[in-house]
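Architecture and fold: a report
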There are 2 protein chains.
Amino acid sequence: MSGAPKANAVVAQSGGPTGVINASLVGVIEEAQKHAEIETLYGAMHAVAGMKKDDFIDLTNLSADVLETVAGSPSSAIGTSRAKPDEAYCEEIIEVFKKRSIGYFFYIGGNDSANTCYIINNVAAKAGYELRAFHIPKTVDNDLLVTDHCPGFGTAAKFEACALMGDDLDNRALPGVKIDVIMGRHAGFLTAATVLGRRKDDDGPHLVYVPERGVSMDKFISDVDGVCRKLNRCVIVVSEGMCDVDGVVWTKKIADTGEKDAHGNIQLSGTGTLADFLAGQVKENLKIGRVRADTFGYLQRSFAGLQSEVDKREARWCGRHAVQYAMEEVSGSVAIKRVGDGKDYKVELFRTELINVAENTKSMPDEFINAEGNGITRAFVDYAMPLVGGLPETEYLGGYPRV
Amino acid sequence: MSGAPKANAVVAQSGGPTGVINASLVGVIEEAQKHAEIETLYGAMHAVAGMKKDDFIDLTNLSADVLETVAGSPSSAIGTSRAKPDEAYCEEIIEVFKKRSIGYFFYIGGNDSANTCYIINNVAAKAGYELRAFHIPKTVDNDLLVTDHCPGFGTAAKFEACALMGDDLDNRALPGVKIDVIMGRHAGFLTAATVLGRRKDDDGPHLVYVPERGVSMDKFISDVDGVCRKLNRCVIVVSEGMCDVDGVVWTKKIADTGEKDAHGNIQLSGTGTLADFLAGQVKENLKIGRVRADTFGYLQRSFAGLQSEVDKREARWCGRHAVQYAMEEVSGSVAIKRVGDGKDYKVELFRTELINVAENTKSMPDEFINAEGNGITRAFVDYAMPLVGGLPETEYLGGYPRV
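Reading guide: rules and limits
Residues numbered from 1 in each chain as written. Chains lettered and ligands numbered in written order. Predicted model: local features only at pLDDT ≥ 70, side-chain atom pairs only at ≥ 80, totals over all residues. Helix = DSSP H or I, 4+ residues; strand = E, 2+ residues; numbered from the N terminus. Rg over C-alpha atoms; globule rule 2.2 N^0.38 Å. Buried ≥ 20, exposed ≤ 12 C-beta atoms within 10 Å, placed from the backbone. Contact = placed C-beta atoms within 7 Å. Pairing = 2+ DSSP bridges. Axes fitted to C-alpha atoms, helices over the stretch in contact; angles between N-to-C directions. Right-handed = clockwise from strand over helix to strand, strands pointing away. Parallel < 35°, antiparallel > 145°, perpendicular 65-115°, else oblique. Domains from an automatic or database assignment. Nonpolar A, V, L, I, M, F, W, Y, C, P; charged D, E, K, R; others polar. Least-squares fit on C-alpha atoms with pLDDT ≥ 70 in both. Core = buried A, V, L, I, M, F, W, Y, C linked by C-beta atoms within 7 Å. Left-handed = near helix turned anticlockwise from the far one by under 90°. pLDDT = per-residue confidence, 0-100.

**Considerations on the overall build of chain A**
Of regular secondary structure, chain A possesses 13 helices and eleven strands. For 403 residues, the compact-globule estimate of 2.2 N^0.38 gives 22 Å, and chain A sits close to it at 23 Å. Projecting the C-alpha coordinates of chain A onto the three principal axes gives extents of approximately 75 × 50 × 35 Å. Counting all 403 residues of chain A, 58% fall into the buried class. A separation of at least 24 residues holds for 76% of the contacts in chain A among residues at least 6 apart in sequence.

Below you can see the structure in the form of structure tokens.
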């Protein structure tokens, strides 16, 4: 590979926002400021949409103050998009890149974004256009291949852990059944993260259901019954993509069978449906008075002021490393690996080929899920705990001896 | 009033948990430790339930370390209850108090709890039993009379502000319509608090609906349309107790008319219903593609690690002052008033009669709601901002000039 050319650069953010995708953006900006090879750094508004229609802002000379505020802000500071461009779309992007003399392209996103990066890279190569295209990982779902974990996950995991610590204390104070539906259509990492705040044996969540393991509604009800008989309360978390033993997701099953909830309503769709349906099932089958259900929704990915410091730092590193790699390589994706003796948490970044990240996604390994498919193992806690960067201490006094 | 007698004391927590009700509990415990008049301080488990069935723990000698952790924990550390005891129930409580030589009773809760405190006080007086009964205010709804604001509100308000700051940034990044349903059946304070993070003119939430002002569904749709035409996006917050111009709450109206959502489903009840229904209405009437709706649920009142420092400090003061007042007075409720020139936020506590807090609740004053009934005024922001104890800084770069 020859030395890095002098050229302009584009950075963009794609897919669902996270709590630290802006830290990666800041990493790109601050590292680009150090390399004379990068002349102007453009931010493409709303990902591929801005790249195609030539909608850019100039990020070259942002001050350190502004950069710190951006790095601490949730969501995507230059907008995002859920578009999945094909080759023709990417050819139009390359035309804009040519006009702007873009030699470097940094794309922060999930595996679809790695794929876009891959297509753009190929389209450029085919056209004989010199472009260095780098993907920077982000996703709250933690489902990217190659990397040990994804920037964005640690912060969302912290949200889930703090939420369930509070929710479990609430459920101790006012006992009953509480059901929380968590983001995650295919991978259960985020749902699993709800267990990270558990300290005592009877701390909730007591039951955790992830899409990697099918569970029948009968098994679910019987699990809840078992916990309630033992603890007189039960806190349950369920991935939105939870499926039955036959692999059909619960929400689809509810819609297909036209099953009715405890109030006799047909529940088909809508964000609150799964939670409300499950609450109805528990009420109806177990005759429990106090049953409550929440769907966490978008709070999980964009809550101002809540970041994992570890996650934020790593997200920023990934952005910086993408720029460093671009000085040496033509394309790639930034990935994280754990190093050292496994006692102290320590990571190194490395470069992998775009194609390795673009094509598939990752699910939770078997060892993170208990044999019954209704709980999370110590192996997951060991894996995920360092990523949340610390959790608050809490105390419930109800376990004190009666006098 | 004669000097305070030597006797044991009971403290209990009642009604819905909050983020700082434990700080009030700690205030009572640490102040009780300073007064030799209070011998043993009992914590009644699950409020009146524990008081009636003699279910107590000993809180007299908790260490400073444990107290700090408890003060930082959400929810009610000695359990709570939603029971509304009558006179007969309170007579049974007095029997337990007699057996335990209880001379002081501290009850942390909302107006129903003030009422329980009032009944217990009266029952004791009628029986010639010497008891000093004090109510300590708490509620996320901020709806207690006499006091300027309620401990618990500032922390919940901080949650709402941070949530909407993040949600608005998310909506900027992925434009569309976002609807958030917030706790509050009768008082709109918590829903109004969602505006506290707004800095720029086009920051969301753009529309805010509170139960104090009835709004028709037609007006709601027309409001959303207006904002979308102007900004090409819209963030809306709605109190769960939102009502029509005739005063009937929207959820009841939906159920009564059997109105169908965009998917043709009859939506009657369940926690996600109002949000899903409104999303359906917007989709159907305005033909907007991206419409999302969240119901914040219990996250709003019990999220570990998120407290307003101002709220926490005041909640603790209220607990301490209740004990101090009990050394001088027979009964009362602790209240907060603002003092000084109005420039710097400063408060003093004072005692009011139980009956003043027990009977009714407060709604948002007219001056906090705009003339159209779809927004919150500067007067509310001036009132509520000091209570959240600071908000994070955030930045969105999409307003930068295009290059």
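**So, the sheet that holds strand β7 (residues 207-209) of chain A**
Residues and elements named next belong to chain A. Reading across the sheet, the four strands line up as β7-β8-β6-β9 and stay open at both edges, with parallel pairing between neighbours. Of all the strands in the sheet, the pair left with one neighbour each is β7 and β9 (291-295). Pairwise comparison of adjacent strand axes, ignoring direction, gives a mean angle of 15° for this sheet. For β7 and strand β8 (residues 234-239), the ladder comprises three bridges, and the chain directions are parallel. Counted as the bridge partner of Leu207 is Ile236 from β8. The strands touched by helix α8 (residues 217-231) within the sheet are β6 (177-182), β7 and β8, with β8 carrying the most contacts at an inclination of about 155°.

**Concerning the pairing of strand β8 (residues 234-239) of chain B**
Along a regular strand, successive side chains alternate from one face of the sheet to the other. Residues and elements named next belong to chain B. In terms of burial, β8 is largely enclosed, as six of its six residues are buried. Here β8 shows a buried face lined by Cys234, Ile236 and Val238 and a second buried face lined by Val235, Val237 and Ser239. The β-α-β motif built from strand β7 (residues 207-209), the intervening helix α8 (residues 217-231) and the parallel element β8 has right-handed crossover chirality.

**Considerations on the packing of helix α1 (residues 21-32) of chain B against helix α3 (residues 64-71) of chain B**
Between two packed helices, what matters for the description is the angle formed by their axes and the separation of those axes. Residue and element names in this part refer to chain B. Contact pair α1 / α3: the axes reach a minimum separation of 7 Å and the direction vectors enclose 155°. When the axis of α1 is compared with that of α3, the two are roughly antiparallel. Between α1 and α3, the residues in contact are Asn22, Ala23, Leu25, Val26, Ile29 and Glu30 and Leu67, Val70 and Ala71, respectively.

**A word on the domain arrangement of chain A**
According to the domain assignment, chain A consists of domain 1 (7-140 + 304-352) and domain 2 (153-300 + 365-388). Considered class by class, the residues forming the side of domain 1 of chain A that touches domain 2 of chain A number five nonpolar, five polar and one charged.

**Considering the interface of chain B and chain A**
Of the residues lining the interface, 64 residues belong to chain B; the matching set on chain A comes to 64 residues. Counting only elements with at least two residues in the side of chain B that touches chain A, the list comes to β3 (56-58), α3, α6 (153-173), α10 (273-286) and β9 (291-295) of chain B. Ranked by the residues each element gives to the side of chain B that touches chain A, the list is headed by α6 of chain B, at nine residues. Across the side of chain B that touches chain A, the residue classes break down as 30 nonpolar, 23 polar and eleven charged.

**Things to note about the environment of Asp366 of chain B**
Residues and elements named next belong to chain B. By the element assignment, Asp366 lies in the loop between α12 (354-358) and α13 (378-384). Take Asp366: there are 11 C-beta atoms within 10 Å of it, and that puts it in the exposed class. Residues Asp366 and Glu212, 154 residues apart in the sequence, show an inter-C-alpha distance of 8.4 Å.

**Points about the relation of the copies chain B and chain A**
Of the two same-sequence chains, chain B is brought onto chain A (RMSD 0.0 Å, axial shift 0.0 Å) by a rotation of 180°. The two molecules are tied by a two-fold rotation axis, judged by turn and shift. Closest to the rotation axis within chain B is the C-alpha of Gly272 of chain B, separated from it by 2.1 Å. A high fraction, 100%, of the interface residues of chain B reappear at the interface in chain A, so the copies pair face to face through one surface.

**Focus: unusual backbone geometry**
In this structure, the amide linkage connecting Gly204 of chain A to the following residue, Pro205 of chain A, adopts the cis form with an omega of 5°. Here Pro205 of chain A lies in the loop between α7 (189-192) and β7. We note that Lys287 of chain A has phi near 50°; this positive angle belongs to a residue other than glycine. Within the fold, Lys287 of chain A resides in the loop between α10 (273-286) and β9. A count of 7 C-beta atoms within 10 Å places Lys287 of chain A in the exposed class. Here Ala47 of chain B, not a glycine, exhibits a phi torsion of approximately 60°, which is positive. Structurally, Ala47 of chain B can be placed in the loop between β2 (38-44) and α2 (48-52).

**Remarks on the nonpolar core**
With 264 residues, the main nonpolar core has Phe106 of chain A together with Phe106 of chain B as its most contacted residues. Sequence-distant contacts of Phe106 of chain B, that is, excluding residues within four places in its chain, are made with Ala9, Val11, Val28, Phe134, Ile136 and Ala322 of chain B.

**Things to note about the packing of helix α4 (residues 87-100) of chain A against helix α5 (residues 111-126) of chain A**
All names here are of chain A. Orientation of α4 relative to α5, taken along the N-to-C sense of each, is 65°, at an axis distance of 9 Å. The handedness of the crossing between α4 and α5 comes out as right-handed. Residue-level contacts link Glu87, Cys90, Glu91, Ile93 and Ile94 of α4 to Ile119, Ile120, Val123 and Ala124 of α5. Looking at side-chain class alone, the contact of α4 with α5 contains seven nonpolar, no polar and two charged residues.

**Some thoughts on the pairing of strand β4 (residues 102-109) of chain A**
Residue and element names in this part refer to chain A. Burial runs high along β4: eight of the eight residues are buried. Two elements, β4 and strand β5 (residues 132-137), share six bridges in a ladder whose sense is parallel. The partner of Tyr104 across the bridge, within β5, is Arg132.

**Observations regarding the confidence of the model for chain A**
A residue-level look at chain A finds 96% of positions with pLDDT of 70 or above and a mean pLDDT of 94. Model confidence for the complex is summarised by a pTM of 0.96, with the ipTM given as 0.95.

**Re the sheet that holds strand β5 (residues 132-137) of chain B**
Backbone-to-backbone hydrogen bonds pair the strands of a sheet. The strands run either parallel or antiparallel. Residues and elements named next belong to chain B. Overall, mixed pairing links the seven strands, which are arranged β3-β2-β1-β4-β5-β10-β11 in an open sheet. Only two strands of the sheet have a single partner each, and these edge strands are β3 and β11 (347-352). The sheet shows a mean angle of 25° between the axes of neighbouring strands, direction not considered. Here six bridges tie strand β10 (residues 331-338) to β11, and the two strands are oriented antiparallel to one another. Following the sheet pairing, Arg338 is matched in β11 by Val347. Sheet strands touched by α1: β1 (7-13), β2, β4 (102-109) and β5. Its angle to β1, the strand with the most contacts, is close to 170°. Sheet strands touched by helix α11 (residues 309-326): β4, β5, β10 and β11. Its angle to β5, the strand with the most contacts, is close to 165°.

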